[in-house]
Amino acid sequence: MIVKFLKQLVFLFALLSALGVSFADPTGQDRQSSYVLMSGQTQAMQNDPAQNPATFWVLDGQTLWQTPAGKSNKSCAQCHGQAEQSMKGVAASFPRLVDNKLLNLEAQINQCRTERQQAAPFAHESKDSLSIAAYVATQSKGMPITIVESPALDKHLQAGRQLFEQRMGQLNLSCAQCHAERSGLKLAGNVIPQAHPTGYPIYRLEWQTVGSLERRLRNCMTGVRAEPYMFDSREIVDLELYLMWRARGMLVETPAVRP
Amino acid sequence: MSKTSRTLVTMPATARKDEIIEIRIIVQHDMETGFRHSEQGVRIERDIIREFICTYNGVEVFRADLHPAIAANPMITFTTLATESGTLEFNWKGDNDYASSATSKLTVT
């Protein structure tokens, strides 16, 4: 009797694996950037800076980098020098703890603006905010995402993981249910990506513009009919941190193009 | 007040005589359709590029009219015949006195 039950159990597992049903979050080498899911044309758009519309934002960011701002009348370049050297790898390690507060790249740039340049902070998703973030993040292109773990960071990571696995909204879905357990399967004709934030800020064809990871996350929350977390809220930055940690070792693609 | 924006041109720098060359141009523009409304319910005025013209040593070789349904940051790809060395000039014109231009040199051997 027990042997028969075990045989049935083994058969069930064999059937599930034969069907390619997987319930685990892909790790290590099994992780993939959603770049591989895109059409050849969209990939070509991302690969060639002369075809990638995000190049315009990167060039605008380069101009901003050299433009003096605020009461200090200092430019980013006056303190940080050449972005190609000083900002290399910086975006790959954000969000980061700064004075015990977890900041993403855009928030760090705004902190620099208000405290050092004594200028007004950039508004969320404004052209200036996205341009300077895209310019800084582009300097990390091709470098592995590196989130350095520490006891202080651990509570944010745990909170982020908890949010990733928590059901939300009227559809009562968690991020993990689609992007971890069902990645690679289809949702309305599209392959569900693994949700690795390798190329932010991205040029999204659907948006017709460049957008941040926060915008993308809020977009997904609206999709499951949940109230999106506010920009710069503790929750959304924790979630960003967890996603970057989950994608650690993967290469930065900024400025990426996504459908 | 006239507005302008960034442009990117991709084309070969040299070509053999009578060779067909591909030119790819992309221009930074929001292409506001004029059909959208703001959160306050006010219609957002149309603001698009209306016209693109390419001239080759002063002779028009390609022209396109652009309309509200065209994507933001529009990319246009077209071909022309390399006849002689010279300059290709690209001009965009649009609503609110928008104007952008770019030039590219071509050497024909």
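Notes on the structure in this doc start here. (Residues numbered from 1 in each chain as written. Chains lettered and ligands numbered in written order. Predicted model: local features only at pLDDT ≥ 70, side-chain atom pairs only at ≥ 80, totals over all residues. Heavy atoms only, no water.)

Side note on the overall build of chain A
Piece 1. Across its full length, chain A holds 11 helices and seven strands.
Piece 2. Overall, chain A is about 80 × 40 × 35 Å in size when its C-alpha atoms are taken along their principal axes.
Piece 3. Out of the 259 residues belonging to chain A, those deemed buried represent 45%.
Piece 4. Within chain A, residue pairs in contact and separated by at least 24 positions form 68% of the contacts whose partners lie at least 6 positions apart.
Piece 5. Total accessible area computed for chain A in this model is approximately 13700 Å², and 57% of it derives from carbon and sulfur atoms.
Piece 6. Charged side chains in chain A number 26 positive and 22 negative. The centres of these two groups are separated by 4 Å. (Helix = DSSP H or I, 4+ residues; strand = E, 2+ residues; numbered from the N terminus. Buried < 20%, exposed > 50% of the residue type's maximum accessible area, 1.4 Å probe, protein only. Contact = heavy atoms within 4.5 Å. Areas by Shrake-Rupley, 256 points an atom, 1.4 Å probe, with all protein chains shown as cover. Lys, Arg positive; Asp, Glu negative; His and termini not counted. Charge placed at Lys NZ, Arg CZ, Asp CG, Glu CD.)

Quick word on the overall build of chain B
Piece 1. Looking only at helices and strands, chain B features zero helices and eight strands.
Piece 2. Going residue by residue from the N terminus, the α and β elements of chain B occur as β-β-β-β-β-β-β-β.
Piece 3. In terms of principal-axis extent, the alpha carbons of chain B reach across some 60 × 25 × 20 Å.
Piece 4. In chain B, which comprises 109 residues, the share counted as buried stands at 39%.
Piece 5. Across chain B, contacts joining residues at least 24 apart in sequence account for 59% of those joining residues at least 6 apart.
Piece 6. Summing over all exposed atoms, chain B offers an accessible surface of approximately 6200 Å²; the carbon and sulfur share of this is 50%.

Notes on the nonpolar core
Residues and elements named next belong to chain A.
Piece 1. Counting residues in each nonpolar core, the largest one holds 28 residues, and the members touching the most others are Ile147, Phe164, Leu217 and Met221.
Piece 2. Only helix H8 (151-165), helix H10 (213-223) and helix H11 (234-246) provide two or more residues apiece to this core.
Piece 3. For this core, the leading source of residues is H11, giving eight residues.
Piece 4. If near-sequence neighbours (up to four positions away) are discounted, Met221 is found in contact with Met168, Ala226, Pro228, Tyr229 and Leu239. (Core = buried A, V, L, I, M, F, W, Y, C linked by side-chain atoms within 4.5 Å.)

Here we look at the interface of chain B and chain A
Piece 1. Tallying the contact residues gives 13 residues for chain B and 15 residues for chain A.
Piece 2. On inspection of chain B and its partner chain A, the count reaches two salt bridges.
Piece 3. Taking the shortest distance from any N to any O, the salt bridge between Asp60 of chain A and Arg6 of chain B comes out at 2.6 Å.
Piece 4. The interface formed by chain B and chain A includes six residue pairs in polar contact (both at pLDDT 80 or more).
Piece 5. Secondary structure elements with two or more residues in the side of chain B that touches chain A: strand E1 (7-10) and strand E3 (20-27) of chain B. (Salt bridge = Lys/Arg side-chain N within 4 Å of Asp/Glu carboxyl O. Polar contact = N/O pair within 3.5 Å; in protein donor to acceptor, adjacent residues only side chain to side chain.)

Some remarks on the packing of aromatic side chains
Piece 1. According to the stated counting rule, one finds nine aromatic pairs over all chains in the structure shown.
Piece 2. An angle of 10 degrees between the planes, with centres 6.4 Å apart, marks the rings of Phe52 of chain B and Phe90 of chain B as stacked. Placement of the pair is Phe52 of chain B in strand E4 (residues 49-56) and Phe90 of chain B in strand E7 (residues 86-94), with a sequence separation of 38 residues.
Piece 3. Clustering of aromatic rings is evident, with ring pairs tying together Phe52, Phe62, Phe78, Phe90 and Trp92 of chain B.
Piece 4. Over the ring of Phe122 of chain A we find Arg113 of chain A, and its NZ or CZ is 3.9 Å from the ring centre.
Piece 5. Sitting over the face of the ring of Trp207 of chain A, Arg215 of chain A holds its NZ or CZ atom 4.2 Å from the ring centroid. (Phe/Tyr/Trp six-rings, centres within 6.5 Å; stacked < 30°, edge-to-face > 60°. Lys NZ or Arg CZ within 6 Å of the ring centre and 35° of its normal.)

Some thoughts on H11 of chain A
Residues and elements named next belong to chain A.
Piece 1. Along its 13 residues, H11 runs 18 Å from first to last C-alpha, staying within 8% of the 18 Å computed at 1.5 Å per residue.
Piece 2. Counted residue by residue, H11 has 11 buried out of 13 residues, so it is predominantly covered.
Piece 3. Every buried residue of H11 is accounted for by Ile236, Val237, Asp238, Leu239, Glu240, Leu241, Tyr242, Leu243, Met244, Trp245 and Arg246.
Piece 4. Looking at the buried side of H11, the elements it contacts are strand E2 (101-103), H8, helix H9 (175-179) and H10. (Expected span 1.5 Å × (residues − 1).)

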